[in-house]
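# Summary of the model geometry
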Amino acid sequence: MKDQAEIVIIGGGVIGISIAYHLAQLGRRDVLLLERNHLTHGATWHAAGLVGQLRSKLNLTRMLQYSVELYDRLEAETGVAIDWRQVGSLRLASSAERWMEVRRTATTARSFGFELHLLNAREAQEKFPLITTDGIVGAAWIPSDGYVDPSGLTQALARGARAGDVRIEEGVTVTGFERNGRRITGVQTDHGLVRAETVVNAAGMWARGIGELAGVPLATCAVEHQYLVTEKIPGVTPVLPTLRDPDRLFYLKPEVGGLSLGGWEPDTVPFGEQGVPADFDRGLLNSNFDRFEQIATKAASRIPAFGEVGVRDLINGPIPMSADGEPVLGPAPELDNFFVACGFTAGIAAAGGAGRAMAAWIVDGDPGMDLWSFDARRFGRHHTGRRFLHRRGVESYGRYYAIHWPGEEMERARGARRSPLHALLARRGAAFGSKAGWERPNWFAPEGVEPRDRPSFTEPNWTPFVAAEHHAVRGRVALVDLTSFSKFEISGRGAAGYLQWLAANDLDRAPGAVTYTQLLNRRGGIEADVTITRLDEGTFYLVTGSGFAVRDLGWVTAHMPRDGSVRLRDVTSARAVINLCGPLSREVLAAVTDADLDNKTFPFMNAREIWIGYAPVLAIRVSYTGELGYELHVPSEYAAHVYETLREAGGDHGIADAGYRAIDTLRVEKRNLYWGVDITPDYTPWEAGLGFCVALDKGDFQGRDALIAARDAGRAQRLSIFTLDDDTTVHGGEALLCNGEVIGVTTSGNFGHTVGKPIVFAYLPTALANSKESDYEVESFCERYSATRHRRPLYDPDRRRILM
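In what follows, the accompanying structure is described. In this text, all values refer to a predicted model and were calculated from it rather than measured experimentally. (Residues numbered from 1 in each chain as written. Predicted model: local features only at pLDDT ≥ 70, side-chain atom pairs only at ≥ 80, totals over all residues. Heavy atoms only, no water.)

### Here's the deal with the sheet that holds strand β34 (residues 717-724)
Strands sit in the order β34-β37-β36-β35-β38-β39 around a closed barrel of 6 strands; the barrel is antiparallel. Taking each pair of neighbouring strands and ignoring which way they run, the sheet shows an average axis angle of 40°. Bridge count between strand β35 (residues 735-738) and strand β36 (residues 741-752): 4 bridges; the pairing is antiparallel. Its bridge partner being in β36, Leu-737 is matched across the sheet by Val-742. Contacting β35, β36, β38 (776-780) and β39 (783-790), helix α3 (residues 96-112) runs over the sheet at an angle of about 130° to β36. Against the sheet, helix α16 (residues 660-669) makes contact with β34, β36 and β37 (757-765), and its axis sits at roughly 125° relative to β36, the strand it touches most. (Pairing = 2+ DSSP bridges. Helix = DSSP H or I, 4+ residues; strand = E, 2+ residues; numbered from the N terminus. Axes fitted to C-alpha atoms, helices over the stretch in contact; angles between N-to-C directions. Contact = heavy atoms within 4.5 Å.)

### Regarding the side chain of Ser-89
Examined against the element boundaries, Ser-89 turns out to sit in strand β4 (residues 89-93). Only 2.7 Å separates the side chain of Ser-89 from the side chain of Asp-145, close enough to count as a polar contact. Once residues within four sequence positions are removed from consideration, Ser-89 is found in contact with Ala-140, Trp-141, Ile-142, Asp-145, Thr-242 and Arg-244. (Polar contact = N/O pair within 3.5 Å; in protein donor to acceptor, adjacent residues only side chain to side chain.)

### Re the pattern of salt bridges
A complete count under the given rule lists 48 salt bridges for this structure. Here Glu-326 and Arg-55 are joined by a salt bridge, their closest N and O atoms 2.5 Å apart. Placement of Glu-326 in the loop between β17 (311-322) and β18 (328-331) and of Arg-55 in the loop between β3 (50-51) and α2 (58-78) is noted, with a sequence separation of 271 residues between them. Taking relative accessible area as the criterion, Glu-326 reaches 21% and is therefore assigned partly exposed. (Salt bridge = Lys/Arg side-chain N within 4 Å of Asp/Glu carboxyl O. Buried < 20%, exposed > 50% of the residue type's maximum accessible area, 1.4 Å probe, protein only.)

### Section: the nonpolar core
Ranked by size, the top nonpolar core spans 53 residues in total, and within it Val-8, Ile-10, Phe-177, Val-187, Val-199 and Phe-338 carry the most contacts. Looking at this core, the element that brings in the most residues is strand β12 (residues 220-230), giving 5 residues. Excluding residues that lie within four positions of it along the chain, Val-187 makes contacts with Val-8, Leu-34, Val-174, Gly-176, Phe-177, Gly-192, Leu-193, Val-194, Ala-196 and Val-199. The next biggest cluster of nonpolar side chains, apart from the first, holds 52 residues, and it includes Ile-7, Tyr-21, Val-51 and Met-63. (Core = buried A, V, L, I, M, F, W, Y, C linked by side-chain atoms within 4.5 Å.)

### Description of the packing of helix α1 (residues 14-25) against helix α5 (residues 150-163)
At their nearest, the axes of α1 and α5 sit 8 Å apart, and the two run at 30° to each other. Classified by the interaxial angle, the pair formed by α1 and α5 is roughly parallel. For the pair α1 and α5, the crossing hand works out as left-handed. Along its contact with α1, which presents Val-14, Ile-17, Ser-18, Ala-20, Tyr-21 and Ala-24, the element α5 presents Leu-153, Thr-154, Leu-157, Ala-158, Gly-160 and Ala-161. The residue makeup of the contact of α1 with α5, split by class, is 9 nonpolar, 3 polar and no charged. (Parallel < 35°, antiparallel > 145°, perpendicular 65-115°, else oblique. Left-handed = near helix turned anticlockwise from the far one by under 90°. Nonpolar A, V, L, I, M, F, W, Y, C, P; charged D, E, K, R; others polar.)

### Comments concerning α1
For α1, which comprises 12 residues, the first-to-last C-alpha distance of 16 Å matches the rise-based estimate of 16 Å (1.5 Å per residue) to within 8%. Among the 12 residues of α1, 11 are classified as buried, and the element is accordingly described as predominantly covered. Taken as a whole, α1 has its buried residues at Val-14, Ile-15, Gly-16, Ile-17, Ser-18, Ile-19, Ala-20, Tyr-21, His-22, Leu-23 and Ala-24. Looking one or two residues past α1, Gly-27 carries a phi angle of roughly 90°, positive in sign. (Expected span 1.5 Å × (residues − 1).)

### Quick word on the packing of α1 against α2
Relative to each other, α1 and α2 sit at 80°, their axes nearing to 14 Å. With respect to α2, the element α1 is oriented roughly perpendicular. Residues Tyr-21, His-22 and Gln-25 of α1 touch α2, and the partners they reach there are Tyr-66, Leu-70, Arg-73, Leu-74 and Glu-77. Here the contact of α1 with α2 is composed, by residue class, of 4 nonpolar, 2 polar and 2 charged.

### Topic: the packing of aromatic side chains
Inspection of the entire model under this criterion finds 19 aromatic pairs. Measuring from ring centre to ring centre gives 5.8 Å for Phe-177 and Phe-338, while their planes differ by 85°; the resulting arrangement is edge-to-face. Linking Phe-177 in strand β9 (residues 174-180) with Phe-338 in strand β19 (residues 338-342), this pair joins segments that are 161 residues apart in sequence. Phe-338 shares its class with Phe-177; the two are buried. One aromatic cluster is present, formed by Trp-264, Tyr-397, Tyr-400 and Tyr-401 through successive ring pairs. For the cation-ring pair, Arg-440 lies above Tyr-660, with the distance from its terminal atom to the ring centre recorded as 3.5 Å. (Phe/Tyr/Trp six-rings, centres within 6.5 Å; stacked < 30°, edge-to-face > 60°. Lys NZ or Arg CZ within 6 Å of the ring centre and 35° of its normal.)

### Notes on the environment of Leu-794
Of note, Leu-794 is situated in the loop between β39 and α20 (800-803). Apart from the residues lying within four places of it in its own chain, the contact partners of Leu-794 are Glu-669, Ile-721, Thr-723, Val-755 and Ile-759.

### A few points about the pairing of strand β32 (residues 629-635)
Across the 7 residues of β32, 6 count as buried, placing the element largely inside the fold. For strand β29 (residues 575-581) and β32, the ladder comprises 7 bridges, and the chain directions are antiparallel. Across the sheet, Leu-580 pairs through a bridge with Tyr-630, a residue of β32. In the sheet, strand β31 (residues 615-620) pairs with β32 via 3 bridges, with the strands oriented antiparallel. Bridging from a neighbouring strand, Ala-619 pairs with Leu-632 of β32.

Structure, rendered in structure tokens:
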């Protein structure tokens, strides 16, 4: 084994091998893959091998579509049989609620241009004759899905990688790492030290342990997963489609004349709670027929032949699982040259696309598309604790086939991060949601109403109460607990120059100025959406969303000078944030402070240190709701006092509590955007209508050249706002049509309680955006609704309310 390589990949499952293959495709010839045992000997060898493609986000679907494209050609390319069968997939809806979900999925597929057909019960039975039609409301048919042999796939990718000069070493155990600051310099193994420029952790179930060796905590674990293989059944051939009946918890595929049938029960158990054993090579666990019975019984009710045939084997093998059930990809925020690709529950389907995306990320520093839903930086430190992981991992597993309601919240491993106002707000009827571990008020239940979510595709139970909070902000005044905001102080002699280069907007302003800006990548794509307040000449205060702390902190840190001229401090826990918002907010604040709040003295987008009651407060005059408002950043120990003082002062003004769901209805009326939904690394400020945040004349900054080139070439698309003429429910992900043809997909969707209509955002091709075309429709749950495009924000387009 050679003692150095440009790129070292740890893990010889299908994901690690796919990354190696795609690095070779990109011309990287100095790649070394280390496998502790033999290829596929983790979870790959016992995977079921189903390949489904459709996801709720376009880029994730594209990633999986590429897997299918690769599997179509891989056998011919490498000469290794992979038994790829593009037989199609059938997903049954055995309840009215599931049929709503399937129809929503069909609409999303239509917006992507992805082929999916809705079938009735009889048509579903024609595709899969073994099923009964009892209770089937409908079905979704995807002709391009299928199944593949996991071991054959891995060996084919390995041959392709070796053909590109990738070295694959089996029987090599990684024991540690050599590190210099934020870089791994060497991989320690039982065969000696390997010098490396870049390291990739694709160790599957063992990825968490490898991460611990590198000082990179990962939100991954392993859980038990079972599937059963039957004896031969008449009528089962290799061309039978794969089948999923999520209401009955099971999936299946043909298997040597019988069926391979597994499921996602709600009560699986964790594996390797103290760490996955190092010697668990091609290992299986004891079968648990009692736990599998709930799946088998429901499967037999759908497929009578299944209940009459013998069982060849019940396989119980551990599979990787992350804290939210999705893979964990990308650069580790703790290091500059360490990547992760682990936590794959459906790794066979994702292997091709994930391997290509990871190779691009490693070589170009960019996966080529927004993959925030899979990004390792979506997790915080608390997600990586063993107790949290195994409780949340089991819940994520059990929800795999549950109906995914809009706005649903996880229930296990809750309550760890609480605002100083948590107990106060709970007594006032707060129904809490969770973001980055923080308990945040989503809405408030009036007296006599249980503060508990009952989600729905059409009208969840919180709708009237969110509407009341919305109107309180628009007409009176409200308090919102924003303590979970991520907050950072950036200081030092080089801080001003560094941030001026990092941000697209101009930060060269006097102390007290607040700047709304985006942080861009080299392509001009939006990596972060933040406010930066200049506290003094050398100190800045950056505020971003609750769920973006790790990502945005990592982005700032990764580009920071290494000469000590810039210091960064996370002050999220040190400061609570209370948003006082609404047209009467100045009157309420004036009653509890001696500060001059006159519009000239304290204008919009400025910050001042003031006193509220007995508390020192950094008051920042910004607005996400579209009303006059103040973000009050308070030392945590004063938060309850400030809240109580404001509530008392606002009593005569009808002050209300409001939650995050009301904020969303308010911001869509104002066309305020949300990172990860409306703006991502795939979009530039020009396209998103954020050109007012770009200061091309300030000098060089990250992404400037790309923005100039994009401006000169003309933007390809433009974010637009639409209202629906009929009262229906929108959530984002609907298809947008013009003259009857699908032209895109909505990003945000919600009901505007002031304008009285459903509102959606969507990107339009520039030529269409510049035209006077008016024949628009939005398709929601497979029903089309006439839509009207608006060229300005629906509420207060001249900003009189926030500037009052």
